[in-house]
Protein chains: 4
Amino acid sequence: MLDSNIFKKLARGPQVVLIKDAAFVSAFTGLNPGDKVIDAGAGSGWLTVYLASIVGKEGSVTAYERRTEFAEIASKNIVKAGFESVAKVKVADIFLGIEETDLDLITLDLAGSPAVLKFAINSLKPKGYVVGFCPNIEQAKDFVIAGEEVGFTHIKTVECDEREWLIRPQGCRPVTMGLRHTSFLTFLRKPKEKLPEIKDNLENQQSEKTETISQSNETDLIK
Amino acid sequence: MLDSNIFKKLARGPQVVLIKDAAFVSAFTGLNPGDKVIDAGAGSGWLTVYLASIVGKEGSVTAYERRTEFAEIASKNIVKAGFESVAKVKVADIFLGIEETDLDLITLDLAGSPAVLKFAINSLKPKGYVVGFCPNIEQAKDFVIAGEEVGFTHIKTVECDEREWLIRPQGCRPVTMGLRHTSFLTFLRKPKEKLPEIKDNLENQQSEKTETISQSNETDLIK
Amino acid sequence: MLDSNIFKKLARGPQVVLIKDAAFVSAFTGLNPGDKVIDAGAGSGWLTVYLASIVGKEGSVTAYERRTEFAEIASKNIVKAGFESVAKVKVADIFLGIEETDLDLITLDLAGSPAVLKFAINSLKPKGYVVGFCPNIEQAKDFVIAGEEVGFTHIKTVECDEREWLIRPQGCRPVTMGLRHTSFLTFLRKPKEKLPEIKDNLENQQSEKTETISQSNETDLIK
Amino acid sequence: MLDSNIFKKLARGPQVVLIKDAAFVSAFTGLNPGDKVIDAGAGSGWLTVYLASIVGKEGSVTAYERRTEFAEIASKNIVKAGFESVAKVKVADIFLGIEETDLDLITLDLAGSPAVLKFAINSLKPKGYVVGFCPNIEQAKDFVIAGEEVGFTHIKTVECDEREWLIRPQGCRPVTMGLRHTSFLTFLRKPKEKLPEIKDNLENQQSEKTETISQSNETDLIK
């Protein structure tokens with residue numbers, strides 16, 4: 001069991017993803033031990049650590065972060081949490097492309113994230129997810145539209161609200177003040193069979209076909 | 001990656017825990033591969049499957065269910081989801097006691113759950129969690145009071161709300177109708193050093209001391 | 001039009017009812033010009049002023065407040081807002097009884113309010129409302145139970161949530177932090193024909209009968 | 001007291017404004033007996049009746065509705081509710097202009113409402129309000145931007161949520177299913193001193209000055 005206090009002990013840099021939202025990301029995508037994940041931008045690595053704690057040693061989390069100072073904080077936090085064998089930070093600009101392939105999940109918590117989706121669709125496994133964190137609703141809308149344009153299915157866009165209660169012998173009530181908003185969470189999924197695209201040469205079509213055949217061997221329940 | 005559609009394919013019996021709530025349970029307790037869990041009452045086994053998908057082959061989930069017909073549905077669902085090596089259903093009445101020990105997490109989704117807490121405190125590892133699902137607020141209150149009486153720390157009681165948005169080129173808005181309530185989720189935690197209890201003999205005190213010493217070797221971050 | 005800024009200009013004493021909740025009280029009870037209201041306890045008179053602004057010169061609001069210092073603040077606020085011809089503060093203990101009769105609405109925002117309901121039922125017109133402000137849910141429950149015991153119909157108990165949005169050219173989103181809870185609002189209504197009570201003399205029965213006859217003349221739409 | 005059941009008795013045509021939202025409109029604008037209001041589009045007249053019930057005989061509500069069939073339903077509902085001396089329906093297209101002046105409040109519940117704001121600013125009293133009902137967030141944004149362009153101050157944009165509870169001896173909890181969204185409510189206010197506009201002749205400037213002087217006589221608290 002990951003010590004949930006760990007999140008309080010990690011060094012903080014930029015604004016972090018909250019556990020409530022991380023919870024929705026992993027649960028609604030069905031994240032599992034062994035899964036292969038990209039987390040961009042890493043910030044101080046809080047979400048990276050959370051995702052690493054679930055995919056475990058048989059899985060991997062690659063955290064993209066282009067700002068060196070945050071990449072260093074993230075790396076230190078990963079070591080501090082004991083996940084250096086699962087997660088690593090890559091000082092790279094994800095807007096230039098994604099090298100990794102065969103991914104189960106990509107999380108995008110950065111301004112301009114819709115521009116990353118054209119790379120994401122090719123790096124994910126069929127039925128893999130990309131989840132966008134968008135503070136403003138317009139960003140969520142752009143994310144959905146850009147995602148559908150490159151072939152993703154829009155599963156859903158949600159707000160996650162955690163409302164805490166005071167439970168006391170003398171009387172119970174919700175806390176008076178609290179958090180009202182973090183981000184809109186958008187879940188996009190790569191279709192099982194990627195829709196045919198307009199191809200400019202035969203080679204692409206063949207590799208596409210090969211991928212489709214290999215898919216048919218997967219079990220219908222668990223990838 | 002667990003196919004999140006799997007939850008739609010499992011046979012349904014009694015009312016099931018929703019993914020939104022299961023998400024909070026695993027994320028706020030820091031559930032990890034290798035963890036040892038009890039889930040009572042299992043119902044049709046949906047939460048059992050979810051928890052099994054996170055703890056993986058190195059972990060275990062024991063689902064208590066006293067009603068034979070639900071135990072059978074739960075067993076079939078576990079097999080259908082491919083987790084028969086991780087999770088098993090035990091046709092037993094958890095109000096009579098918990099045999100398992102050294103647990104990381106116990107989930108209690110059954111009427112009268114406060115009466116189980118006196119067993120739960122002894123079956124959990126130090127810093128382990130018990131999470132109660134209580135539809136009514138009075139049940140959550142009783143759960144907290146009963147938990148504190150046997151030595152648990154009340155971490156928090158929350159409502160988890162998932163609010164879905166329609167994202168459309170012509171305009172975005174939350175969906176009109178939807179779910180307003182499932183359960184109050186209460187998180188109780190066994191203290192790192194269990195509070196001294198009134199002992200009736202010296203032997204118990206010594207074993208308590210030994211446990212405390214062995215704890216000091218654990219890393220402060222990850223159990 | 002009442003200057004909505006007026007609420008910022010009134011002297012503050014004890015915690016005040018918020019406009020969002022006052023809005024529900026007047027709208028869901030159908031409060032109108034000419035209505036006769038009791039507001040207890042008055043506190044610094046904010047709700048008194050709000051109610052007075054709706055019932056106008058043909059109506060009346062009597063604010064019960066037993067603490068002299070708050071009664072003075074409330075009186076000054078009523079004058080400051082220009083409603084001295086509509087509302088007055090009565091330094092009295094409502095737990096000892098309500099002298100006024102033929103009321104349209106009684107608002108109860110004080111600890112122990114269920115004990116007032118046995119007086120409220122007799123002071124209200126048929127179809128009149130009593131609205132309770134209860135911070136804790138147990139208080140709301142006691143309020144409903146006590147109300148039903150003396151003959152009220154429980155119309156509903158609600159939470160009123162006002163969620164504010166930042167609307168900006170660069171992006172829209174809900175505000176980050178804010179209010180999560182004030183009070184549970186409980187609406188009890190006196191039945192059109194009061195249920196027969198056990199009478200200890202004939203006189204009471206006759207006055208009761210007279211009241212019932214006069215009711216039949218009221219229009220069905222507007223009292 | 002307006003019988004709150006009246007809203008159930010009125011004939012329904014198009015989608016109606018809910019009491020929860022009407023409550024916010026009247027309370028946050030400080031609507032009072034004697035106020036002068038325009039309600040567009042009237043639809044079946046529910047909001048018209050609600051507003052009329054507050055402004056009373058000394059006030060007035062003019063309901064704009066360009067679709068004859070809805071105008072007829074609205075008229076019948078106004079009569080049915082007994083407010084024919086307060087409210088009237090005008091079969092007119094508010095996008096062509098607003099004849100009425102010196103208004104306290106204009107409510108706009110129609111597609112394309114931002115285009116009405118240039119008329120609204122001139123028809124309102126200083127410190128008067130216009131409230132927009134926008135189902136989609138983009139509409140609320142357009143409403144705010146268009147309003148600020150013609151001189152309104154954006155007071156706030158909110159969502160009003162009414163969450164109902166089941167209060168029962170055996171246990172209390174929020175209702176399971178319910179309404180999650182109606183409209184974003186946007187409150188725009190005409191400044192006390194209207195900002196100077198570019199004038200094309202001296203006459204306009206003078207009438208503007210006169211208006212400013214007469215304003216200084218109003219009491220600071222109640223218009």
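Residues numbered from 1 in each chain as written. Chains lettered and ligands numbered in written order. Predicted model: local features only at pLDDT ≥ 70, side-chain atom pairs only at ≥ 80, totals over all residues. Heavy atoms only, no water.

**Some words on the overall build of chain A**
In step 1: The number of helices and strands found in chain A is 7 helices and 9 strands.
In step 2: Within the span of chain A, comprising 223 residues, buried residues form 57% of the whole.
In step 3: For chain A, the computed accessible surface area is about 9,300 Å², with 53% contributed by carbon and sulfur atoms. (Helix = DSSP H or I, 4+ residues; strand = E, 2+ residues; numbered from the N terminus. Buried < 20%, exposed > 50% of the residue type's maximum accessible area, 1.4 Å probe, protein only. Areas by Shrake-Rupley, 256 points an atom, 1.4 Å probe, with all protein chains shown as cover.)

**Quick word on the interface of chain D and chain C**
In step 1: Listed per partner, the contact involves 58 residues of chain D and 58 residues of chain C.
In step 2: Across the interface of chain D and chain C, roughly 5,100 Å² is buried in total on both sides, 58% from carbon and sulfur atoms.
In step 3: Inspection of the region where chain D meets chain C yields 4 salt bridges.
In step 4: Put simply, chain D and chain C have 13 residue pairs in polar contact (both at pLDDT 80 or more) between them.
In step 5: Contributing elements (two or more residues each) for the side of chain D that touches chain C: helix H1 (6-9), helix H2 (19-29), helix H3 (46-55), strand S4 (103-108), strand S5 (124-134), helix H6 (137-149), strand S6 (153-166) and strand S9 (184-189) of chain D.
In step 6: Looking at the side of chain D that touches chain C residue by residue, the classes come out as 29 nonpolar, 10 polar and 19 charged.
In step 7: Looking at chain direction, strand S6 (residues 153-166) of chain C and S6 of chain D are connected through 9 bridges and run antiparallel. Each residue of the ladder has a partner; that of arginine 163 of chain C, found in S6 of chain D, is glutamate 159 of chain D. (Contact = heavy atoms within 4.5 Å. Buried area = accessible area lost by both parts, 1.4 Å probe. Salt bridge = Lys/Arg side-chain N within 4 Å of Asp/Glu carboxyl O. Polar contact = N/O pair within 3.5 Å; in protein donor to acceptor, adjacent residues only side chain to side chain. Nonpolar A, V, L, I, M, F, W, Y, C, P; charged D, E, K, R; others polar. Pairing = 2+ DSSP bridges.)

**Looking at the packing of aromatic side chains**
In step 1: Counting across every chain of the model gives 20 aromatic pairs over all chains.
In step 2: Judged by centre distance (5.9 Å) and plane angle (75°), the ring pair of phenylalanine 28 of chain B and phenylalanine 187 of chain B falls under edge-to-face. Residue phenylalanine 28 of chain B is found in helix H2 (residues 19-29), and its partner phenylalanine 187 of chain B is found in strand S9 (residues 184-189); the two are separated by 159 residues along the sequence. Here phenylalanine 28 of chain B and phenylalanine 187 of chain B have matching classes, each one buried.
In step 3: By way of ring pairs, the aromatic residues Phe24, Phe28 and Phe187 of chain A together with Phe24, Phe28 and Phe187 of chain B are connected into one cluster.
In step 4: When the ring centre of phenylalanine 28 of chain A is taken as reference, the NZ or CZ atom of lysine 156 of chain A above it lies at 3.3 Å. (Phe/Tyr/Trp six-rings, centres within 6.5 Å; stacked < 30°, edge-to-face > 60°. Lys NZ or Arg CZ within 6 Å of the ring centre and 35° of its normal.)

**A short note on the relation of the copies chain C and chain A**
In step 1: Structural alignment of chain C on chain A gives an RMSD of 0.0 Å, achieved by rotating through 180° and translating 0.0 Å along the axis. The symmetry that links the two subunits is that of a two-fold axis. Minimal C-alpha separation from the rotation axis in chain C is found for glycine 178 of chain C, amounting to 2.8 Å. (Least-squares fit on C-alpha atoms with pLDDT ≥ 70 in both.)

**Let's talk about the interface of chain C and chain A**
In step 1: Chain C puts 23 residues into the contact, and the matching count from chain A is 23 residues.
In step 2: Between chain C and chain A, a total of about 2,000 Å² is buried, with carbon and sulfur atoms accounting for 46% of that surface.
In step 3: One can count 4 salt bridges joining chain C with chain A.
In step 4: The residue arginine 180 of chain C makes a salt bridge to aspartate 161 of chain A at a minimum N-O spacing of 2.7 Å.
In step 5: Inspection of the region where chain C meets chain A yields 19 residue pairs in polar contact (both at pLDDT 80 or more).
In step 6: Mapped by element, the contributors of at least two residues to the side of chain C that touches chain A are helix H6 (137-149), S6, strand S7 (173-174) and strand S8 (177-179) of chain C.
In step 7: By residue class, the composition of the side of chain C that touches chain A is 9 nonpolar, 6 polar and 8 charged.

**Focus: helix H2 (residues 19-29) of chain A**
Residues and elements named next belong to chain A.
In step 1: Burial analysis of H2 places 10 of its 11 residues in the buried class, which makes it a mostly covered element.
In step 2: Buried within H2 are the following residues: Lys20, Asp21, Ala22, Ala23, Phe24, Val25, Ser26, Ala27, Phe28 and Thr29.
In step 3: One or two residues past the end of H2 sits glycine 30, with phi positive at roughly 70°.

**Things to note about the environment of alanine 42 of chain C**
Residue and element names in this part refer to chain C.
In step 1: Structurally, alanine 42 is set in the loop between strand S1 (36-40) and helix H3 (46-55).
In step 2: With 67 residues separating them in the primary sequence, alanine 42 and aspartate 109 have C-alpha atoms 7.9 Å apart.
In step 3: With sequence-adjacent residues up to four places away left out, alanine 42 is seen in contact with Thr48, Ala63, Tyr64, Glu65 and Ala74.

**Here we look at the pairing of strand S4 (residues 103-108) of chain A**
Residues and elements named next belong to chain A.
In step 1: The buried fraction of S4 amounts to 6 of the 6 residues, a majority that puts the element mostly inside the structure.
In step 2: The sheet contact formed by strand S1 (residues 36-40) and S4 spans 4 bridges and is parallel. Residue pairing across strands places alanine 40 opposite leucine 108, the latter belonging to S4.
In step 3: Bridge analysis of S4 against strand S5 (residues 124-134) gives 5 bridges, and the strand direction is parallel. Bridge pairing in S5 links leucine 108 to glycine 132.

**Let's talk about the environment of proline 114 of chain D**
Residue and element names in this part refer to chain D.
In step 1: Following the sequence through the fold, proline 114 ends up in the loop between S4 and helix H5 (117-123).
In step 2: Distance from proline 114 to isoleucine 145, taken between C-alpha atoms, is 8.4 Å for residues 31 residues apart in sequence.
In step 3: In this view, proline 114 contacts Asp142, Phe143 and Ala146; residues no more than four positions away in its chain are not counted.

**Topic: the environment of serine 60 of chain B**
Residue and element names in this part refer to chain B.
In step 1: Tracing the chain through its elements places serine 60 in strand S2 (residues 60-64).
In step 2: As a C-alpha pair, serine 60 and proline 33 span 27 residues in sequence and 9.3 Å in three-dimensional space.
In step 3: Among all residues touching serine 60, those that are not within four sequence positions of it are Asp35, Lys36, Val37, Val55 and Val86.

**Here we look at the pattern of salt bridges**
In step 1: Applying the stated criterion across every chain, the model contains 44 salt bridges over all chains.
In step 2: Among the salt bridges present, the one from arginine 66 of chain C reaches aspartate 93 of chain C, with a minimum N-O distance of 3.4 Å. Of the two residues, arginine 66 of chain C is situated in the loop between strand S2 (60-64) and helix H4 (68-80) and aspartate 93 of chain C in the loop between strand S3 (87-90) and strand S4 (103-108); the sequence distance between them amounts to 27 residues.
In step 3: Through salt bridges with shared partners, a single ionic network connects Glu159 of chain A, Arg163 of chain B, Arg163 of chain C together with Glu159 of chain D.

Shape is all these values report; function is a separate question.
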